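What follows is each chain in one-letter form.
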Amino acid sequence: MNEETLRSALVFFQSDRPSSYEEFHKGRKLDYLRKGDLTYSEFFRDFLLPNYPCILSPEFTESWRSRQRWVRGDGKPDFEHLLKNFGDFTVPVANCDVKEYNANPKHNIPLRDYLSYWSEHRESGYSSPKGCLYMKDWHMHRTPFHADVFRSYSWSANVCGRKKWLLFPPGQEEHLKDRSGNLVYDAQSPNLQDRNHYPNYSQCCQPIEVVQEVGEVIFVPSSWHHQVYNLEDTISINHNWLNGCNIDIMWQFLQGELTAVQEEIGEWKNCMEGWHQHCQLLLKSCTGINYCEFYTFLKIIAKNRIAALETTSGDSSALHSTFPAELSALRPCHSMFDLHRTKAVLTLMLTNEDFRRLDADLLNPHPEDLLHEIKEMTDSALS
């Protein structure tokens, strides 16, 4: 990120998140990017900040060893290579044919057992008495309608095979909920036409449909709900991440999840000792993280960014010898941006009643002290 992008990004967040998805409601297609089309600063400005999806061409993955070693000459998965190199790995497998609480039940098996099932499933015309199984992040068939964990960014690269994606801009998922507020399991279900169960479906825009080819990478921004189908035998590599652009969305997500927990057990609020602590425990059980752990997450980000900036203020070469490559690659402007956004979210957290109820002894350093440290660093950059 360069200084011009940093300045425009900070201006972008001076008011409420201004992103508009009206063009996508009207059928705007995803931009298709090739190597050399734009710099990282331009990608940051045109896609990360406004929270817009895009597709990256196979040029970005053509040198990946996985595309060379995991795939046979005919473009199909190389089961022999996968079995030889990863066969003893334990992998999570879900049954697409079974629905439990709007998700698929999962269990762990050795990869070799899954590859055996996959071979038999394919040879039997993609049918099996075991059902349609998929391995986590190596989807055998399709993923149900969902948004990514913690409302993070994600990218998904096809090592081999093709996928069909259905993408809905943020906010459209509200039209895909039933009267009880439950999100539909299948975004193409004919049940959506039943106004008695899905009264707002008629207000939903049409999904953006994308066919992702071999080697292509799709960038899915925060809170874009999506459903994915494998059109043939497919292996994909996926990654989720957060940065200063969407850390506020994660905080909003956690607040919403805690509110749902509190409403679910609200009748016991006045008779259950430690009710608020129990709510945090259930929040962690449901989402994988609670408010205390989210604060620790922010603290680690802030400490890393401050240390990186202090290092580069003296000797820029020291950054590469002191920090992992993923941190040293951020550059000072990106570190400063992340600090500004961490400061903004932490400021909001300090006004949140549920956060202020946490045991202060669990928060080290105290949030006010961390906020002061961040402000000192961001203010020094302006002086």
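See the structure above.
Worth saying up front: this structure is predicted, and the values here are computed from it rather than measured.

A. View of the overall build of the protein. In terms of regular secondary structure, the protein is built from 14 helices and 12 strands. On the principal axes, the C-alpha backbone points of the protein span a range of 65 × 60 × 45 Å. Counting all 383 residues of the protein, 48% fall into the buried class. Taking contacts inside the protein between residues at least 6 apart in sequence as the whole, the part at least 24 apart equals 74%. When the accessible area of the protein is evaluated, it comes to approximately 19,900 Å², of which 48% is carbon and sulfur surface. Distance from the positive charge centre (39 side chains) to the negative charge centre (52 side chains) of the protein: 3 Å.

B. Structural view of the sheet that holds strand β3 (residues 90–95). Spatially, 3 strands are ordered β4-β3-β5 in an open sheet, and the strand pairing comes out antiparallel. Each end of this open sheet is capped by a strand with a single partner; those strands are β4 (106–110) and β5 (133–135). Direction aside, neighbouring strands of the sheet carry axes that sit 40° apart on average. Judged from the 5 bridges that link them, β3 and β4 form a sheet pairing that is antiparallel. Residue pairing for β4: V93 is matched across the bridge by H107. Here helix α6 (residues 111–123) sits on the sheet in contact with β3, β4 and β5, set at roughly 100° to β4.

C. Local environment of the packing of aromatic side chains. Under the defined criterion, the tally for this structure stands at 23 aromatic pairs. A centroid spacing of 5.7 Å and a plane angle of 90° characterise the contact between Y21 and W224, whose relative ring orientation is edge-to-face. Of this pair, Y21 sits in the loop between α1 (3–12) and α2 (22–25) while W224 sits in the loop between β10 (217–220) and β11 (225–230), and the two are 203 residues apart along the sequence. Taking the relative accessible area as the measure of exposure, W224 reaches 1% and is therefore buried. With a centroid separation of 4.9 Å and 55° between ring planes, the pair formed by W251 and Y291 is classed as tilted. Here W251, found in helix α7 (residues 247–264), pairs with Y291, found in helix α9 (residues 291–312); they are 40 residues apart in sequence, far enough to count as distant.

D. Geometry of α9. In a regular helix each residue adds 1.5 Å, so 22 residues correspond to 32 Å; α9 covers 32 Å between its end C-alpha atoms and thus fits that length. For α9, the side-chain oxygen to backbone nitrogen distance between the N-cap and C292 is 3.2 Å, and the N-cap itself is N290.

E. Representation of the packing of α7 against α9 within the structure. Where α7 contacts α9, the axes come no closer than 11 Å and their chain directions differ by 170°. Looking at the two axes, α7 sits roughly antiparallel to α9. Residues I247, M250, W251, L254, Q255 and L258 of α7 touch α9, and the partners they reach there are Y291, F294, F297 and L298. Looking at the contact of α7 with α9 residue by residue, the classes come out as 9 nonpolar, 1 polar and no charged.

F. View of the side chain of H175. Mapping H175 onto the fold places it in the loop between β8 (163–168) and β9 (208–212). When its relative accessible area of 17% is taken as the criterion, H175 is described as buried. Ignoring sequence-local partners within four residues, the contact set of H175 consists of N200, Y201, Q203 and C204.

G. A look at the packing of helix α5 (residues 79–86) against α6. Relative to each other, α5 and α6 sit at 165°, their axes nearing to 9 Å. Overall, the two elements α5 and α6 adopt an arrangement that is roughly antiparallel. The interaxial crossing formed by α5 with α6 has left-handed handedness. Contacts between α5 and α6 involve F79, L82, L83 and F86 from the former and L111, R112, L115, W118, S119 and R122 from the latter. In the contact of α5 with α6, the residues fall into 7 nonpolar, 1 polar and 2 charged.

H. A look at the state of the cysteines. Within the structure shown, the criterion is met by 0 disulfides. Cysteine C96 is unpaired, with the sulfur of C132 as its nearest cysteine sulfur at 4.4 Å. A relative accessible area of 10% places C96 in the buried class. Free cysteine: C204, not disulfide-bonded; nearest cysteine sulfur from C205 at 5.1 Å.

I. Just the pattern of salt bridges, in detail. Overall, the coordinates contain 14 salt bridges when judged by the stated rule. Among the salt bridges present, the one from D74 reaches R72, with a minimum N-O distance of 2.5 Å. Judged by its relative accessible area of 36%, R72 falls in the partly exposed class. The partner of D233 in a salt bridge is R122, with the nearest N and O atoms 3.1 Å apart. Within this pair, whereas D233 is found in the loop between β11 and β12 (235–241), its partner R122 is found in helix α6, the two being separated by 111 residues in sequence. One salt-bridge network, held together by shared partners, links E23, R28 and D31.

Thresholds applied
- Residues numbered from 1 in each chain as written.
- Predicted model: local features only at pLDDT ≥ 70, side-chain atom pairs only at ≥ 80, totals over all residues.
- Heavy atoms only, no water.
- Helix = DSSP H or I, 4+ residues; strand = E, 2+ residues; numbered from the N terminus.
- Buried < 20%, exposed > 50% of the residue type's maximum accessible area, 1.4 Å probe, protein only.
- Contact = heavy atoms within 4.5 Å.
- Areas by Shrake-Rupley, 256 points an atom, 1.4 Å probe, with all protein chains shown as cover.
- Lys, Arg positive; Asp, Glu negative; His and termini not counted.
- Charge placed at Lys NZ, Arg CZ, Asp CG, Glu CD.
- Pairing = 2+ DSSP bridges.
- Axes fitted to C-alpha atoms, helices over the stretch in contact; angles between N-to-C directions.
- Phe/Tyr/Trp six-rings, centres within 6.5 Å; stacked < 30°, edge-to-face > 60°.
- Expected span 1.5 Å × (residues − 1).
- Polar contact = N/O pair within 3.5 Å; in protein donor to acceptor, adjacent residues only side chain to side chain.
- Parallel < 35°, antiparallel > 145°, perpendicular 65-115°, else oblique.
- Nonpolar A, V, L, I, M, F, W, Y, C, P; charged D, E, K, R; others polar.
- Left-handed = near helix turned anticlockwise from the far one by under 90°.
- Disulfide = S-S within 2.5 Å.
- Salt bridge = Lys/Arg side-chain N within 4 Å of Asp/Glu carboxyl O.

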